[in-house]
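# Overview (structure and organization)
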Amino acid sequence: MKPLPYAEAIAKLAEEERGDGWLAFCERENIFQLSVVEWLDALREEILALAPDTLLEVGAGNGTIGKALQARGVNLILTDPVGRDGVVALDARDALLAHAPDFVFSCWLPFDSGAEKQILDTKNLRWYLAVVQQGPGYAGSEVLWDTPSWSVRELSEMNRWSVSRADFLSEVDSGEHVRHGMAYLFTRED
């Protein structure tokens with residue numbers, strides 16, 4: 001699915017809620033985080049402002065988001081254990097070893113994969129931008145918040161435009177957009 005402007009993404013969410021439901025649509029389309037134009041642009045600006053040397057996406061899936069970033073001038077290496085459609089077949093550990101990145105991006109990594117710990121333990125890594133599922137009392141896996149040598153900042157401008165599979169509108173086809181896909185930037189302090 002090509003990137004949609006935010007207004008069209010919310011209209012799509014409302015349309016699907018009137019049918020089988022937004023989550024059912026996202027499951028059929030294998031969407032965790034919808035490619036929203038404004039969200040991608042904010043993500044691009046956040047990454048380029050850091051000026052990293054080696055940029056790696058871990059758990060890229062089919063590469064939808066990474067390819068949209070590449071089209072916006074972000075030189076991102078896309079990796080995933082499955083490896084398809086131009087995404088290099090590497091799990092997190094092997095991708096981190098092969099590319100020795102100073103910047104890693106991930107979007108909705110499985111809670112139990114252990115990849116977040118591998119990422120944060122990577123030597124020479126300076127930044128980790130993680131898009132995680134957030135809900136009442138949690139955001140991503142616990143390992144993200146038990147990182148004494150890392151500072152964290154919520155990426156408010158990105159989150160303003162975020163549309164994920166766990167989102168909903170406060171009314172079935174209208175109302176406030178309730179977001180559950182949130183982005184955080186982790187920066188190594190030492």
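Placed above this text is the structure.
Residues numbered from 1 in each chain as written. Predicted model: local features only at pLDDT ≥ 70, side-chain atom pairs only at ≥ 80, totals over all residues. Heavy atoms only, no water.

## With respect to the side chain of Glu57
Structurally, Glu57 is set in strand E1 (residues 55–57). Despite being buried, Glu57 has no salt bridge partner; Lys67 is the closest side chain of opposite charge, sitting 9.6 Å away. Ignoring any residue separated from it by four or fewer positions in sequence, one finds Glu57 in contact with Gly66, Leu76, Ile77, Leu78, Thr79 and Phe105. (Helix = DSSP H or I, 4+ residues; strand = E, 2+ residues; numbered from the N terminus. Buried < 20%, exposed > 50% of the residue type's maximum accessible area, 1.4 Å probe, protein only. Lys, Arg positive; Asp, Glu negative; His and termini not counted. Salt bridge = Lys/Arg side-chain N within 4 Å of Asp/Glu carboxyl O. Contact = heavy atoms within 4.5 Å.)

## Concerning the pattern of salt bridges
According to the stated counting rule, one finds 11 salt bridges in the structure shown. When the shortest N-O distance is used, the salt bridge between Glu16 and Lys12 registers 2.8 Å. You can see Glu16 and its partner Lys12 sitting in helix H1 (residues 6–18), four residues apart, about one turn around the helix. Lys12 carries the same exposure label as Glu16, and that label is buried. Among the salt bridges present, the one from Glu27 reaches Arg165, with a minimum N-O distance of 3.8 Å. Residue Glu27 is found in helix H2 (residues 22–29), and its partner Arg165 is found in the loop between helix H7 (156–160) and strand E8 (168–171); the two are separated by 138 residues along the sequence. One salt-bridge network, held together by shared partners, links Lys12, Glu15, Glu16, Asp20 and Arg28.

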